[in-house]
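A look at the structure
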Amino acid sequence: MKKSNYLVVGLISLTLIPLELTWTRILSAEFFYTFAFLVLSVAILGLGLGGLALRLFPGLSQPRFIWLYLCLAAICAVFGPGLVFAIAPAFSSLFSSWLTLGKLTLTILILMSAYFFGGIALSLIFKLNHAHMPRLYMADLLGAGAGVVAAIIAM
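Quick look at the structure, then.

Rules used in this analysis
- Residues numbered from 1 in each chain as written.
- Predicted model: local features only at pLDDT ≥ 70, side-chain atom pairs only at ≥ 80, totals over all residues.
- Heavy atoms only, no water.
- Helix = DSSP H or I, 4+ residues; strand = E, 2+ residues; numbered from the N terminus.
- Rg over C-alpha atoms; globule rule 2.2 N^0.38 Å.
- Contact = heavy atoms within 4.5 Å.
- Areas by Shrake-Rupley, 256 points an atom, 1.4 Å probe, with all protein chains shown as cover.
- Core = buried A, V, L, I, M, F, W, Y, C linked by side-chain atoms within 4.5 Å.
- Buried < 20%, exposed > 50% of the residue type's maximum accessible area, 1.4 Å probe, protein only.
- Disulfide = S-S within 2.5 Å.
- Phe/Tyr/Trp six-rings, centres within 6.5 Å; stacked < 30°, edge-to-face > 60°.
- Patch = residues over 30% accessible without salt bridge, like charges linked within 9 Å, V, L, I, M, F, W, Y side chains within 5 Å.
- Salt bridge = Lys/Arg side-chain N within 4 Å of Asp/Glu carboxyl O.
- Axes fitted to C-alpha atoms, helices over the stretch in contact; angles between N-to-C directions.
- Left-handed = near helix turned anticlockwise from the far one by under 90°.
- Nonpolar A, V, L, I, M, F, W, Y, C, P; charged D, E, K, R; others polar.

Along the backbone of the chain there are 5 helices and 0 strands. Counted from the first residue to the last, the chain has its helices and strands arranged as α-α-α-α-α. Compactness check: the chain gives a C-alpha radius of gyration of 16 Å against a globular reference of 15 Å for 155 residues, within 12% of the reference. In terms of principal-axis extent, the alpha carbons of the chain reach across some 55 × 40 × 20 Å. Considering only contacts within the chain whose residues lie at least 6 apart along the sequence, 76% involve residues at least 24 apart. Of the roughly 8,800 Å² of accessible surface on the chain, a fraction of 75% belongs to carbon and sulfur atoms.

Looking now at the nonpolar core. As a rule of thumb, nonpolar side chains are buried together in soluble globular proteins. Ranked by size, the top nonpolar core spans 35 residues in total, and within it Val 9, Leu 19 and Trp 23 carry the most contacts. Contributing elements (two or more residues each) for this core: α1 (4–29), α2 (37–56), α3 (66–87), α4 (98–128) and α5 (133–154). When residues in this core are grouped by element, the largest group, 12 residues, is from α4. Among all residues touching Val 9, those that are not within four sequence positions of it are Leu 122, Ile 125, Phe 126, Leu 136, Ala 139 and Asp 140.

This part is about the state of the cysteines. This model, assessed by the stated rule, comprises 0 disulfides. With no disulfide of its own, Cys 71 lies 11 Å from the sulfur of Cys 76, the closest cysteine sulfur. Taking relative accessible area as the criterion, Cys 71 reaches 37% and is therefore assigned partly exposed.

Turning our eyes to something else, we now look at the packing of aromatic side chains. Here the structure, examined in full by the defined rule, presents 3 aromatic pairs. Where Phe 116 meets Phe 117, the ring centres are 5.2 Å apart and the plane angle is 70 degrees; that geometry is what we call edge-to-face. Overall, the relative accessible area of 19% leaves Phe 117 in the buried class. Relative to Tyr 137, the ring of Phe 126 has its centre 5.4 Å away and its plane inclined at 50 degrees; by these criteria the two rings are tilted. Remark: Tyr 137 occurs in helix α5 and Phe 126 occurs in helix α4; sequence separation between them is 11 residues. For Phe 126, a relative accessible area of 17% gives the class buried.

Taken together, Leu 45, Leu 49, Leu 52, Leu 56 and Phe 57 make up a surface patch of nonpolar side chains, about 460 Å² in accessible area. Along the polypeptide, Leu 45 turns up in helix α2.

Relative to the helices and strands, Ser 4 resides in helix α1. Each C-alpha atom, one on Ser 4 and one on Gly 147, is 18 Å from the other, the two residues being 143 residues apart in sequence.

Between two packed helices, the angle of one axis relative to the other and the distance separating the axes together describe the packing. With their axes 9 Å apart at the nearest point, α1 and α2 run at an angle of 145 degrees to one another. Once α1 is placed against α2, the crossing between them reads as right-handed. On α2, the residues that touch Leu 16, Glu 20, Trp 23, Thr 24 and Leu 27 of α1 are Val 39, Leu 40, Ala 43 and Leu 47. Taken together, the residues that form the contact of α1 with α2 break down as 7 nonpolar, 1 polar and 1 charged.

This is the structure in structure tokens:
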């Protein structure tokens, strides 16, 4: 196994965990605070759906596509917050109109997109290197821990 896979797994975790904390902060401070739990649910859903997509669509399982999944996850992570602010979902009047419900749906898809593509990349690395799973999980935990510390310092 390439040593760079450990680095990639660590960097994905270093990116996705602080993104989750940032989304929680944005939703609780800027929008309606009770919807902050949505971030955790959407993150888990996105990672799970990424792994499921890899399983259901075997064409996605080609190692040469990992760079694409990582780029898409990064693009979604960078541009997602700006898009959510542009959409400006009104969580307090959620069921007042179809437009508001559509904005919520679009917000959920934007929130989930980085986790979806990150989940595909992680699942593919885990699938291709399953014999080295303990070390890959160690890289995942180290990246996530560093990401939490970085997010706390940044806030």
